[in-house]
Amino acid sequence: MNLDLTSVKKNPLFNRQEVEFKVEQAVTPTRSAVRIDLAVALRVELNQVYVREILTLSGTRTSVGKAHIYDDAAQALIVEPKHIIERNQKAAQRAPEPEPTAEPEPEPTAEPEPEPKVEEAPAEEPVEE
């Protein structure tokens, strides 16, 4: 995922930065992936980042969105609407699992099954007449 910050504005009234971003990816990125990338790019804790919206431009592989990055995580809980907080918390709970590594898994070695023992019936002895 290629994340570019298109606009960063400081809002001192709410102690936050209002960020607009653009993402180049084949599919619309998940909210949790964008939160993680924004936190890394702006060097803040994940609980300070709240993604407001992500929109994919029609016919392109480009998504644009808005996010708020707070100076204090407690301030975010006061200012942000409940539905935005819930969406971002759900995204944090369903964080993407790490992609599998390219290491091939060893094939399980199956022990050969023992052949079933077949009991042979005793051969009939010829009867003398």
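Everything here concerns the structure above.
Residues numbered from 1 in each chain as written. Predicted model: local features only at pLDDT ≥ 70, side-chain atom pairs only at ≥ 80, totals over all residues. Heavy atoms only, no water.

(A) Spotlight on the packing of helix α1 (residues 31–42) against helix α3 (residues 82–93). Where α1 meets α3, the closest approach of the two axes is 8 Å, and the angle between their N-to-C directions is 90°. As judged from the angle between their axes, α1 and α3 are roughly perpendicular. Counted together, Arg31, Ser32 and Arg35 of α1 and Arg87, Asn88, Ala91 and Ala92 of α3 form the full contact between these two elements. Here the contact of α1 with α3 is composed, by residue class, of two nonpolar, two polar and three charged. (Axes fitted to C-alpha atoms, helices over the stretch in contact; angles between N-to-C directions. Helix = DSSP H or I, 4+ residues; strand = E, 2+ residues; numbered from the N terminus. Parallel < 35°, antiparallel > 145°, perpendicular 65-115°, else oblique. Contact = heavy atoms within 4.5 Å. Nonpolar A, V, L, I, M, F, W, Y, C, P; charged D, E, K, R; others polar.)

(B) Region of interest: the packing of aromatic side chains. The final tally for this structure, using the stated rule, is one aromatic pair. A ring pair is formed by Tyr50 and Tyr70, whose centres lie 6.2 Å apart and whose planes are at 80°; its orientation type is edge-to-face. Taken together, the residues Tyr50 in strand β3 (residues 49–56) and Tyr70 in strand β4 (residues 62–70) connect sequence positions 20 residues apart. In this structure, Arg35 packs its charged tip against the face of Tyr50, placed 5.8 Å from the ring centre. (Phe/Tyr/Trp six-rings, centres within 6.5 Å; stacked < 30°, edge-to-face > 60°. Lys NZ or Arg CZ within 6 Å of the ring centre and 35° of its normal.)

(C) Expanded view of the pairing of strand β1 (residues 2–11). Sheet analysis places β1 next to strand β2 (residues 16–24), joined by nine bridges and oriented antiparallel. Bridge assignment links Leu5 to a residue of β2, and that residue is Phe21. The antiparallel hairpin formed by β1 and β2 contains four residues in its connecting segment, where Asn15 sits at a positive phi of about 55°. (Pairing = 2+ DSSP bridges.)

(D) View of a nonpolar patch on the surface. Taken together, the side chains of Ile36, Val40 and Leu46 present a nonpolar region at the surface, about 240 Å² in accessible area. Positionally, Val40 belongs in helix α1. Overall, the relative accessible area of 61% leaves Val40 in the exposed class. (Patch = residues over 30% accessible without salt bridge, like charges linked within 9 Å, V, L, I, M, F, W, Y side chains within 5 Å. Areas by Shrake-Rupley, 256 points an atom, 1.4 Å probe, with all protein chains shown as cover. Salt bridge = Lys/Arg side-chain N within 4 Å of Asp/Glu carboxyl O. Buried < 20%, exposed > 50% of the residue type's maximum accessible area, 1.4 Å probe, protein only.)

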